[in-house]
Amino acid sequence: MLDTQLHIQLLRFDSLPSTNTEALRQAQGGAQAGLCIVAREQTAGRGRHARTWVSPKDAGLYFSIILRPRLAAQLWPLLTLAAALAVRAALTETCALTPDIKWPNDLLVGGRKLCGILAEVCETDRGRACVVGIGINLTDEAFPPDLRTRATSIAAATGRTPDREALLSALVRQLAKHYAQLHEPHGPETIIKAWCASSSYADGQRVRVETDTEKFDGTTRGLEPDGALRIATGAGAIKIVRAGDVHALRQIDDE
Ligand code: BTN
């Protein structure tokens, strides 16, 4: 089977430290692209920038997929943009939600975070692999009370208890679709265009950017071909952000 056509297989667990850790372990053991790890709870869930992802039982969808992309290394950041588009499509299909995407790959409803995505890369005997971990808040129990002003859940956003299995099956179908699309001849451009059409952060958003080395304000001006965010910082200067946190200034002012 071509590596760009994912052969989806689900491995389910009651409890794991982290679905990403388990997926990385499976990838190192030679598992195929398309193997998905799902857990009802995580005891050591991880977020971006070494943050904790609180993961109480059945309050969130805790999911990781192994990918073995046939893409130039500089295009691998597009995997998480494609994953964000897949989550968004699955939420629209199953919950009638159309979240905003905050660069690079947070999904927001009403400005509050509903889903986070963490991509991790590892070396294996079959070549370099990428694990994309996705955490979706199903109910408000998924996040600590002090995050109430910044986080939300499907239950809160729709007023209904989400159908976890319907969401999971739409998610894996959409991931396979977007992954195949990314590998098409003009796939990277297609994904960037779709991402820009799905994100209020793509162009004209006033933001505060925090990287490991600096903090500055500016206005978003689209994406580079590798998914990096272009920020106008005044007097015609453009900064390119490849890693870091971005916050809408409107939201910071409201807090
Ligand atoms: C972030 O926004 O900081 C990324 C959060 C990613 C959380 C998911 S939950 C499933 C997978 N396993 C983990 O340990 N993390 C990711």
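Residues numbered from 1 in each chain as written. Predicted model: local features only at pLDDT ≥ 70, side-chain atom pairs only at ≥ 80, totals over all residues. Heavy atoms only, no water.

**Q** I'd love a proper account of the overall build of the chain, names of residues and values included.
**A** When its secondary structure is counted, the chain shows six helices and 12 strands. Here the C-alpha atoms of the chain give a radius of gyration of 17 Å, agreeing with the 18 Å that 2.2 N^0.38 yields for 255 residues. With respect to the three principal axes, the spread of C-alpha positions in the chain is 50 × 40 × 35 Å. The 255 residues of the chain split such that 51% are buried. Carbon and sulfur atoms provide 49% of the accessible area of the chain, an area that totals close to 11,900 Å². For the chain, the separation between the mean place of its 30 positive charges and that of its 29 negative charges on side chains is 1 Å. (Helix = DSSP H or I, 4+ residues; strand = E, 2+ residues; numbered from the N terminus. Rg over C-alpha atoms; globule rule 2.2 N^0.38 Å. Buried < 20%, exposed > 50% of the residue type's maximum accessible area, 1.4 Å probe, protein only. Areas by Shrake-Rupley, 256 points an atom, 1.4 Å probe, with all protein chains shown as cover. Lys, Arg positive; Asp, Glu negative; His and termini not counted. Charge placed at Lys NZ, Arg CZ, Asp CG, Glu CD.)

**Q** Can you explain helix α5 (residues 187-197)? Please cite residues and give values.
**A** Among the residues of α5, those classed as buried are Gly-187, Pro-188, Ile-191, Ile-192 and Trp-195. Down the axis of α5, the sector holding all buried residues measures 135°, keeping them to one side. Facing away from the buried side of α5, by more than 90 degrees, are the exposed residues Lys-193 and Ala-197. In this fold, the buried residues of α5 make contact with α2 (78-95), β4 (100-102), α4 (164-182) and β9 (215-223). (Arc of directions from axis to C-beta. Contact = heavy atoms within 4.5 Å.)

**Q** Give a detailed account of the pattern of salt bridges, specifying residues and quantitative values.
**A** Scanning the model with the defined rule gives 17 salt bridges in all. Residues Arg-164 and Asp-58 are paired through a salt bridge, measuring 3.4 Å at the closest nitrogen-oxygen approach. Of this pair, Arg-164 sits in helix α4 while Asp-58 sits in the loop between β2 (35-42) and β3 (60-67), and the two are 106 residues apart along the sequence. Overall, the relative accessible area of 29% leaves Asp-58 in the partly exposed class. One network of salt bridges, in which partners are shared, links Asp-14, Arg-40, Asp-58 and Arg-164. (Salt bridge = Lys/Arg side-chain N within 4 Å of Asp/Glu carboxyl O.)

**Q** So what's going on with the packing of α2 against α5? Residues and values would help.
**A** Axis separation between α2 and α5 bottoms out at 10 Å; the angle between their running directions is 50°. Accordingly, the angle class assigned to the pair α2 and α5 is oblique. The element α2 and its partner α5 pack so that their crossing is left-handed. On the side of α2, the interface is formed by Leu-78, Leu-81, Ala-82 and Leu-85, while α5 contributes Pro-188, Ile-191, Ile-192, Ala-194 and Trp-195. Split by residue class, the contact of α2 with α5 holds nine nonpolar, no polar and no charged. (Axes fitted to C-alpha atoms, helices over the stretch in contact; angles between N-to-C directions. Parallel < 35°, antiparallel > 145°, perpendicular 65-115°, else oblique. Left-handed = near helix turned anticlockwise from the far one by under 90°. Nonpolar A, V, L, I, M, F, W, Y, C, P; charged D, E, K, R; others polar.)

**Q** Kindly report on the site of the ligand, identifying the contributing residues and their values.
**A** Taken together, 19 residues form the shell around the ligand, and within it Ser-18, Gln-42, Arg-46, Arg-48 and Lys-113 come nearest. A distance of 2.8 Å separates a nitrogen atom of the ligand from a polar side-chain atom of Gln-42. The backbone of Arg-48 places a nitrogen or oxygen atom 2.6 Å from an oxygen atom of the ligand. Relative to its unbound accessible surface of 420 Å², the ligand loses 98% to contact with the protein. For the shell around the ligand, the elements supplying multiple residues, two or more each, are α1 (19-28), β3, β6 (112-124) and β7 (127-137). Looking at the shell around the ligand element by element, the count peaks at four residues for β6. Class assignment for the residues of the shell around the ligand results in five nonpolar, 10 polar and four charged. (Near = heavy atom within 4 Å. Polar contact = N/O pair within 3.5 Å; in protein donor to acceptor, adjacent residues only side chain to side chain.)

**Q** Go over the sheet that holds strand β8 (residues 203-210) with me, naming the residues and quoting the values.
**A** Taken together, five strands build an open sheet; the order of strands is β11-β10-β9-β8-β12 and the sheet is antiparallel. Only two strands of the sheet have a single neighbouring strand rather than two, namely β11 (237-241) and β12 (245-248). Within this sheet the neighbouring strands show an average axis-to-axis angle of 45°, counted without direction. Here β8 pairs with β9 via six bridges, running antiparallel. Note on β9: the bridge partner recorded for Val-209 is Phe-216. (Pairing = 2+ DSSP bridges.)

**Q** Describe the environment of Ser-200, naming the residues involved and giving the relevant values.
**A** By the element assignment, Ser-200 lies in the loop between α5 and β8. Between the C-alpha atoms of Ser-200 and Thr-220, which are 20 residues apart in sequence, the distance is 9.5 Å. In contact with Ser-200, other than residues within four places in its own chain, are Asp-100, Ile-101 and Gln-205. Within the structure, Ser-200 has its side chain in polar contact with the side chain of Asp-100 (distance 2.5 Å).

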